[in-house]
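This is what each chain is made of:
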Amino acid sequence: MSGRKLPVYLVLDTSGSMDGEPIEAVRNGMQTLTDALRNDPYALESAHLSVITFDSDAQQVVPLTDLFSFQPPMIEAGGETCLGKGLELLANCIETEVRKNTVDVRGDWKPLVFIMTDGEPTDVWQEGLERLKQVRCGVIVACGAGHAANSSVLKQITANTVMLDTANSSTISAFFRWVSSSIAIGSQRIETGKKDANGMSDFPTMPAEFRLMP
Amino acid sequence: MFRDAFLDFQKRTGFLQPEGEQARKFILGKNAGHKCVEFMYELYKLWDEYVFQQNKLTAPMNNPSLPHEQGQDMAAIGKEQPHSDMRALNQASDPNAAALEKENRESSSGLPKLPPAIKFWLPNAAVGKPYVGEIHRWNKDGKSPAKVRNLRIDAGWDLAGNADCKVEGVPGRAGDCSVAFEYLDGKNWWDASCKLIVNPDPCQLWREREPDDSARPRKEHQKSERCQAQYFDLLGASLRGRSHAHNGGFREDDMAISVHGNWFVMVVADGAGSAKLSRRGSELAVGVMKDALARAIAEHGERWSSLLDGSEETVLALEEEFRVLLRASAQTVIAEIGKEAQQAEESPLEYATTLLAAFGCMQADSLLLASLWVGDGALGVWAGEGEITLMGRPDSGEYSGQTRFLDEKSLNKEDLIKVARISAAQSVFLMTDGVSDPRFETEQGLESAQKWRDLHAELAPIFAMEAAESELLDWLKFWSPGNHDDRTVAILLRKQGI
């Protein structure tokens, strides 16, 4: 494998409210995502995936792993919605797992981050956000799934916030398909483009059921 | 009996009957669903074990039955039996019982199916690569090797269970392969299955596609050139990378070389992927730069040649003249790009390109080289025996993928232009990052004499080949994971024995 990776972090809400259809859709979504990326030559050679879940606590269920060895993790829903803990853990993981350019190490590409939540944060999420601001990301996309998600919170995390009107299997799987083509394009850009993706304009068009928050 | 089974289960798993606050936590807690299913499964196993024992006591010829078939007999079975050591006792007292049990348990059709919540794991395989993988079971704390037997895999995969009950073979195709097997959990065998992911070969995923017919301007996918002189041989090649071929893009690199007596010009350029007309930008850059330098050589070459062995002062003045010439030529490139952009009603930014240019004079005993280097790539002179002279530095940022492109501002950069006299020069290399990234990887790598020696050793023999130009194009196809950019190289090689 080449030393330069395109790090992709999936930060997923696994609180109790995700139980049932939503969490099942997330599991299937991750499956679809890895199946699609595995057949994309750009992504297969450069994309590395990590999965971070947050409920009453945050956990990195899969450390940054190349697509060759990645397998979708077993995730279950239960507990609260500690978004701040998720963001803090994300920042820590980026700091330890993503390499910067130095004279003797060719740095990784700027990480892509996809956050998905279905509810109001139950912790002091601002602290986690402050921590996240200390590390450099390429693009952060936040997805609020369902009416209980708070778009104004997500807007403060990233300008790239999308809302799904309901959190069901069709919207969530549409979101994961979109994430997968975003990663594919991201890894294609780095092969050909000399440039990291820097905003939503670099990503594929979103399905109709997404609402991009202004 | 059922209570015994439950108590035994409690003892072994630490599972407590949920009450009050604990019940709430249990139900709302993480993995709640998973825990419930596991609990049911444990009970199910104990019940199955119990029925099995009862069957052996009452009707030795019966196969073990599933609980739902005999569950209604629970009350009729009567007296509770200490179930845990029952089978050991039986086996000790009756050797036939052990054999019978074995027979019963191995009839795979009779084995109960595991609840779907119990999951297994196999490390991923890759098509065409030898594979041995051990089946693991997912636990709460991760995964641990599982005791399995009788692995069954469709013949089409070229995979099978080996003597150690591991999956082994060289998978013949990519995709999700289903592995069926029997799983021993404590005392009982179960029918189970697991998914094995076989990764495709990344080399085979790349496609060759032609750009859209209507796309303008057009550009050839490859280019190569050779020029010879008394003391040296010049070769250049530029090739569309796999990633551009895969998505039907054009080559964005370009290259130009020329020879004028003992003087030569070498230029390579790499158009920015983010700029839509960069293929034209790099084409203009190498063309205009080469022409400007060639014109200057035609006009002043003789005078320059006569000054090469002059006093130190003369040589310093000459070097200064070269610097001025390179800067002025680069400015001509910027102006030409600006002109064309204006005509096309495009921003000059759409023509963004790097530029590496060198010109000089190779004589019997020495090389005089003047160069300009904007952006990434590499420009170096190999003088044999660990001597490498880098003619500048590539630009790179904090993370990968940042570089500088040719514009007025880029010409202010320090050590942009360099003039060097190198007595034992063997070869001069100019290359775009499509070659320098996989070959040198880092800035530190660029300074590694070993890496330059290897490059020289690989490329020098190509000059001796009849079809050196196409051989060099072939060489540019080398495989390096994650490195599929356009590749361009221009090489000057000193002729041996002169």
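Our structure is the block above this text.
The sections below set out a description of the structure shown in this document. These figures come from a predicted structure and were not determined experimentally.

1. Quick word on the overall build of chain B
Check the secondary structure of chain B and you find 15 helices and 21 strands. With 498 residues in all, chain B has 51% of them scored as buried. Carbon and sulfur atoms make up 50% of the accessible area of chain B, which totals about 23100 Å².

2. Some thoughts on the packing of helix α3 (residues 83-97) of chain A against helix α4 (residues 125-133) of chain A
All names here are of chain A. With their axes 6 Å apart at the nearest point, α3 and α4 run at an angle of 15° to one another. As judged from the angle between their axes, α3 and α4 are roughly parallel. For the crossing formed where α3 meets α4, the hand is left-handed. Facing α3, whose interface residues are Leu83, Gly84, Leu87, Glu88, Leu90, Ala91, Asn92 and Glu95, α4 presents Trp125, Gly128, Leu129, Arg131 and Leu132. A breakdown of the residues in the contact of α3 with α4 according to their chemical character gives 7 nonpolar, 3 polar and 3 charged.

3. Some words on the nonpolar core
One finds Phe264, Met266, Leu430, Met431, Trp452, Leu472 and Trp475 of chain B to be the most contacted residues of the largest nonpolar core, which totals 54 residues. Trp452 of chain B has contacts with Ala378, Leu379, Gly380, Trp382, Ile388, Leu390, Phe429, Met431, Phe440 and Leu446 of chain B, leaving out every residue within four places of it along the chain.

4. Structural notes on the environment of Arg137 of chain B
Residue and element names in this part refer to chain B. Along the chain, the position of Arg137 falls in strand β4 (residues 136-139). With 320 residues separating them along the chain, Arg137 and Ala457 place their C-alpha atoms 51 Å apart. A distance of 3.4 Å separates the side chain of Arg137 from the side chain of Tyr183, its partner in a polar contact.

5. A word on the pairing of strand β21 (residues 487-494) of chain B
Residues and elements named next belong to chain B. In terms of residue burial, β21 counts as a mostly covered element, since 8 of its 8 residues are buried. Residue alternation in β21 divides its side chains into two sets, Arg487, Val489, Ile491 and Leu493 and Thr488, Ala490, Leu492 and Arg494, and both sets are buried. Of the strand pairs in this sheet, strand β12 (residues 232-239) and β21 are connected by 8 bridges, and their pairing is antiparallel. Bridging from a neighbouring strand, Ala237 pairs with Val489 of β21. Judged from the 5 bridges that link them, strand β20 (residues 427-431) and β21 form a sheet pairing that is antiparallel.

6. Focus on the sheet that holds strand β16 (residues 367-374) of chain B
Residues and elements named next belong to chain B. A sheet is described by the order of its strands in space; here 5 strands give the open sequence β13-β14-β15-β16-β19, paired in antiparallel fashion. The sheet is open, and its two edges are formed by β13 (253-260) and β19 (417-422), each paired on a single side. Taking each pair of neighbouring strands and ignoring which way they run, the sheet shows an average axis angle of 10°. Lying over the sheet, helix α10 (residues 278-307) contacts β13, β14 (263-270) and β15 (355-362), oriented at roughly 165° with respect to β14. Along the sheet face, helix α11 (residues 312-343) touches β14, β15, β16 and β19 and points at about 140° away from the line of β19.

Analysis parameters
- Residues numbered from 1 in each chain as written.
- Chains lettered and ligands numbered in written order.
- Predicted model: local features only at pLDDT ≥ 70, side-chain atom pairs only at ≥ 80, totals over all residues.
- Heavy atoms only, no water.
- Helix = DSSP H or I, 4+ residues; strand = E, 2+ residues; numbered from the N terminus.
- Buried < 20%, exposed > 50% of the residue type's maximum accessible area, 1.4 Å probe, protein only.
- Areas by Shrake-Rupley, 256 points an atom, 1.4 Å probe, with all protein chains shown as cover.
- Axes fitted to C-alpha atoms, helices over the stretch in contact; angles between N-to-C directions.
- Parallel < 35°, antiparallel > 145°, perpendicular 65-115°, else oblique.
- Left-handed = near helix turned anticlockwise from the far one by under 90°.
- Contact = heavy atoms within 4.5 Å.
- Nonpolar A, V, L, I, M, F, W, Y, C, P; charged D, E, K, R; others polar.
- Core = buried A, V, L, I, M, F, W, Y, C linked by side-chain atoms within 4.5 Å.
- Polar contact = N/O pair within 3.5 Å; in protein donor to acceptor, adjacent residues only side chain to side chain.
- Pairing = 2+ DSSP bridges.

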